[in-house]
Amino acid sequence: MKNLFLSHVAEVQLTYNTKVKSSDRPKIMSSRDAEEILRNFWDHTLEHTESTQLILLNRANRVLGITTLSKGGTTGCVIDVKVIFQYVLKANASSIILAHNHPSGNLQASQADIKISKKVKEAGELLDIKLLDHIILTAYDGYTSMADEGIL
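Not measured: the values here are computed from a predicted model.

**A short note on helix α2 (residues 31-41)**
- Looking only at α2, the buried set comprises Ser31, Ala34, Glu35, Ile37 and Leu38. All buried residues of α2 fall inside an arc of 165° around its axis, so they share one side. More than 90 degrees from the buried face of α2, the exposed residues found are Glu36 and Asn40.
- In the core, the buried residues of α2 are packed alongside β1 (51-57), β2 (63-71), β3 (95-101), β4 (130-137) and β5 (143-145).

Set out below in structure tokens:
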């Protein structure tokens with residue numbers, strides 16, 4: 001009976017592998033640094049559809065990794081807070097930066113953008129994980145940093 005029970009339980013593995021020395025990783029000191037890293041990582045769909053990226057950082061604000069959280073349509077995409085923190089915990093990140101694009105070219109944060117930022121920030125506080133910024137990118141008109149704007 002015991003073997004039957006165990007054969008119906010999934011094994012969970014958490015791994016994060018890197019071959020990059022901490023000193024070789026890019027360091028983010030400002031929203032401008034984050035924007036530059038994001039533009040180099042982002043595919044060429046800034047004008048086409050909305051997507052959300054997550055930058056994972058160590059205590060020294062060095063980039064542990066970047067991942068695509070979600071891809072949506074022309075007017076939005078879903079951000080799942082649980083998925084964010086799966087990545088954060090897996091990478092043992094100390095802080096994060098959220099980023100998404102506005103295909104419309106509008107740099108202003110929407111109420112939905114502000115709401116999800118606050119939700120992520122509050123969830124992170126429980127785990128001592130800091131949301132440093134939420135950046136909105138457009139294809140040609142630059143970016144907005146919610147931290148720089150005082151929204152976070």
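**Some thoughts on the layout of surface pockets**
- Quantified by volume, the largest pocket comes out at close to 260 Å³.
- Looking at the largest pocket, it is lined by 17 residues, and the ones nearest its centre are Glu50, Thr75, His102, Ser110 and Asp113.
- Among the elements that make up the lining of the largest pocket, the one with the highest residue count is helix α4 (residues 111-127) (three residues).
- A per-class count over the lining of the largest pocket returns five nonpolar, ten polar and two charged.

Cut-off values and rules
- Residues numbered from 1 in each chain as written.
- Predicted model: local features only at pLDDT ≥ 70, side-chain atom pairs only at ≥ 80, totals over all residues.
- Heavy atoms only, no water.
- Buried < 20%, exposed > 50% of the residue type's maximum accessible area, 1.4 Å probe, protein only.
- Helix = DSSP H or I, 4+ residues; strand = E, 2+ residues; numbered from the N terminus.
- Arc of directions from axis to C-beta.
- Contact = heavy atoms within 4.5 Å.
- 1 Å grid on protein atoms, 1.4 Å probe; cavity = no way out; pocket = protein on both sides within 12 Å on 5 of 7 lines; lining within 4 Å.
- Points joined across faces, edges and corners; volume = space filled by probe spheres on them.
- Nonpolar A, V, L, I, M, F, W, Y, C, P; charged D, E, K, R; others polar.

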